[in-house]
Amino acid sequence: MAENRASRVTEGIPCWVDAQLPDLEAGKRFYGELFGWSYEDWYRGSVRALKDGEPVAALAHKADGRMPTVWTVYFATPAAEVLARRVRETGGQVVAVPMPMGELGTVALAADPEGAVFGIWEPGTHTGFGLRHAPGSFVWAELYARDTAGANDFYGGLFHDALFGPDAEPDFGRAPVTDVFAAEMPPHFLAHFRVEDCERALAEVNRLGGRVQAGPFATSYGTVGVVADDQGASFAVLER
């Protein structure tokens, strides 16, 4: 994945996902059985999940119980400080300022004008997904928003080439919250992982102690089921 080095990165491509969990070992069991992931020790007690030997996600222990149990989608950038400034200038917020993760890269958290949180990743030695679009790996990020036109304006301004450029093939869509969730659900990103059979994956989520929140239902990008793991972190499985 040398093409994803910071000097050559296309800003706005979803490049990584991670989950903050109360029980890291339980998370390793859940996702290992669901997606066939193996693990290697990674940064400051977290683990990097591997599929077919390639990095696909990270799982970390949530040290502060007040923090949400969530999956976060990270967008690539060649310059985290610059992108964070542009987020502020266009009506968003910087939740966690850019910070280096050793030689791996620089990370920040931001929120769009409606409050949906996303990550910013400036690659160093860690360039992002080693595998995507294959079963057991990231395939899509959906933003559930109240104002999809406003979301298109905001993200289109930040990530124009990745979303709307002539060679764009974005793994990122926008939909109204009420398409899937109750109206009171706050805007948020939902990471999608590819599966070969959506209904079978939903049954496996139930078997492992998770919960099916919606689906399966048809979308323009495949058949989707929205679920939560056995600790409450929401994500989606996608058959395409």
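Residues numbered from 1 in each chain as written. Predicted model: local features only at pLDDT ≥ 70, side-chain atom pairs only at ≥ 80, totals over all residues. Heavy atoms only, no water.

1. Details of the overall build of the protein
Line of reasoning, step 1. Along the backbone of the protein there are five helices and 14 strands.
Line of reasoning, step 2. Rg of the C-alpha trace for the protein: 17 Å, near the compact-globule value of 18 Å for 240 residues, within the 12% margin.
Line of reasoning, step 3. Along the three orthogonal principal directions, the C-alpha set of the protein runs to about 45 × 40 × 40 Å.
Line of reasoning, step 4. The buried share of the protein, reckoned over its 240 residues, is 53%.
Line of reasoning, step 5. Within the protein, contacts between residues separated by at least 24 positions form 63% of all contacts whose residues are at least 6 apart in sequence.
Line of reasoning, step 6. When the accessible surface of the protein is totalled, it reaches about 10800 Å², and 48% of it is carbon and sulfur. (Helix = DSSP H or I, 4+ residues; strand = E, 2+ residues; numbered from the N terminus. Rg over C-alpha atoms; globule rule 2.2 N^0.38 Å. Buried < 20%, exposed > 50% of the residue type's maximum accessible area, 1.4 Å probe, protein only. Contact = heavy atoms within 4.5 Å. Areas by Shrake-Rupley, 256 points an atom, 1.4 Å probe, with all protein chains shown as cover.)

2. Digging into the packing of aromatic side chains
Line of reasoning, step 1. Taken as a whole and assessed by the stated rule, the structure comprises 29 aromatic pairs.
Line of reasoning, step 2. Ring plane angle 40° and centroid distance 5.2 Å describe the contact between Phe35 and Trp37, whose orientation is recorded as tilted. In this pair, the class of Phe35 matches that of Trp37, namely buried.
Line of reasoning, step 3. Between Tyr144 and Phe181, the aromatic rings sit 5.1 Å apart at their centres with planes inclined by 85°, giving edge-to-face as the arrangement. (Phe/Tyr/Trp six-rings, centres within 6.5 Å; stacked < 30°, edge-to-face > 60°.)

3. Regarding the packing of helix H1 (residues 24-35) against helix H5 (residues 198-207)
Line of reasoning, step 1. The interhelical angle for the contact between H1 and H5, taken along N-to-C directions, is 155°, at an axis separation of 10 Å. As far as their axial angle goes, H5 and H1 are roughly antiparallel. For the element pair H1 and H5, the recorded crossing hand is right-handed. Residues Phe30, Glu33 and Leu34 of H1 lie in contact with H5, whose contacting residues are Ala201, Glu204, Val205 and Arg207.
Line of reasoning, step 2. Of the residues belonging to the contact of H1 with H5, the class tally is four nonpolar, no polar and three charged. (Axes fitted to C-alpha atoms, helices over the stretch in contact; angles between N-to-C directions. Parallel < 35°, antiparallel > 145°, perpendicular 65-115°, else oblique. Left-handed = near helix turned anticlockwise from the far one by under 90°. Nonpolar A, V, L, I, M, F, W, Y, C, P; charged D, E, K, R; others polar.)

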